[in-house]
Amino acid sequence: MRIRDPKVVAKFAEMHVDLQPGKVLADLTSLGIGGTTDLLRIKNHESLPDLLKLLDANHIQHKFLGGGSNLLVGDGELPWVVLQLVRPEPDVVLDGNFAHVDAAADLGRMITFCAKNDLGGMEGLIGVPGTVGGALRMNAGAYGMQIGSYVREVKLFRAASRKIEVLRGNQISFEYRHTSFAPDDMMLAVILELPCKPYKEILQGIRICNEKRRSSQPLGQKSAGCIFKNPPGASAGRMIDELGLKGLSVGDARVSDRHANFFVNAGRASAKDMLRLIAEVRERVQKTYGVSLENEVVVWNA
Ligand code: EPU
């Protein structure tokens, strides 16, 4: 979608919103898949209510983009614009055990910065690409921990009220790869309460998690992490592997040889290829195991 109305474009500047026309979303996602649309980069959280009012009044649909690392975007010209926060400097401010983090902060850099200041707890998520906001909205987790356990406060833009709100941690429910946020709420900032640990000890944990991840996941390839959620008491990766589906391909979309729940873009895969591969694997798992796998990856298909 292209925003051409000069009156609308002029208002973006007043709101400190940077319009980048015709961005290819394949360049902004870890899967390297996705069509074209206008990107609106937001420098000031407080401008969001007015910005959304402007978009609504002009019937311009939108999506909120975090780090693009758990996302499959459709092909071609997209029927909505994309909104993304500009990362402020600094993006993490520490106050005792509390880390005040902007949603646009890089997850790995935030974990390392806190570790250097003797704040741990987040070691399991080292190596997971993406922003803190993205990790928060889907309660990212690994190696027995999840980010939700450390959340004390969240500032967000509520899609329903079109207002900025602040929620305490106990007002939010964090479940396995799921939160009580609405799908189109936009995370703005979070306060995490992290346990004090000596840097050396945290570093040890980080090394162990890094090693486990390197040995079991295709880190050097274009992927969106795990494609499916694990069904209760089972592993999607193991089931797909047991069915002998590693290497199964549709075009350049391919089930990873290293971890069967990672689907990689081995070249110039389209969203159509990836979606066909997802459907094919889901069907085969359903047939053999009677389990309907739920997507873990977020799909923006027009
Ligand atoms: N397995 C296989 N073949 C495979 C992959 C896995 O047999 O191709 C077996 C493993 O040997 C292991 C079991 O399946 O016995 C579970 O595998 P793994 O430890 O790799 O964990 P997972 O359940 O597949 C989950 C998360 C990952 C997270 C790891 C580590 C989900 C969907 N996935 O994977 O998160 O990194 O645990 O904690 O919950 C993600 O969210 O995108 C993601 C990658």
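Whatever comes next refers back to the structure up there.
Residues numbered from 1 in each chain as written. Predicted model: local features only at pLDDT ≥ 70, side-chain atom pairs only at ≥ 80, totals over all residues. Heavy atoms only, no water.

(A) Representation of the sheet that holds strand β6 (residues 92-95). As summarised here, the arrangement of the 5 strands in space is β6-β7-β14-β10-β11, forming an open sheet in which the pairing is antiparallel. Looking at strand neighbours, the two that pair on one side only are β6 and β11 (163-168), the edges of this open sheet. Taking each pair of neighbouring strands and ignoring which way they run, the sheet shows an average axis angle of 15 degrees. Bridge analysis of strand β10 (residues 151-158) against strand β14 (residues 186-193) gives 6 bridges, and the strand direction is antiparallel. Bridge pairing in β14 links Val 154 to Val 190. Docked against the sheet, helix α2 (residues 48-57) engages β10, β11 and β14, running at close to 35 degrees with respect to β10. Packed onto the sheet, helix α3 (residues 107-116) meets β6, β7 (98-102) and β14 and runs at close to 30 degrees relative to β6. (Pairing = 2+ DSSP bridges. Helix = DSSP H or I, 4+ residues; strand = E, 2+ residues; numbered from the N terminus. Axes fitted to C-alpha atoms, helices over the stretch in contact; angles between N-to-C directions. Contact = heavy atoms within 4.5 Å.)

(B) Highlighting helix α7 (residues 271-289). With 19 residues, α7 extends 26 Å between its outermost C-alpha atoms, agreeing within 8% with the 27 Å of an ideal straight helix rising 1.5 Å per residue. For α7, the set of buried residues is Ala 271, Asp 273, Met 274, Leu 277, Ile 278, Val 281 and Val 285. Buried residues of α7, viewed axially, fall in a sector of 160 degrees; they line one side. Across from the buried face of α7, at angles greater than 90 degrees, the exposed residues are Lys 272, Arg 276, Glu 283 and Lys 287. (Expected span 1.5 Å × (residues − 1). Buried < 20%, exposed > 50% of the residue type's maximum accessible area, 1.4 Å probe, protein only. Arc of directions from axis to C-beta.)

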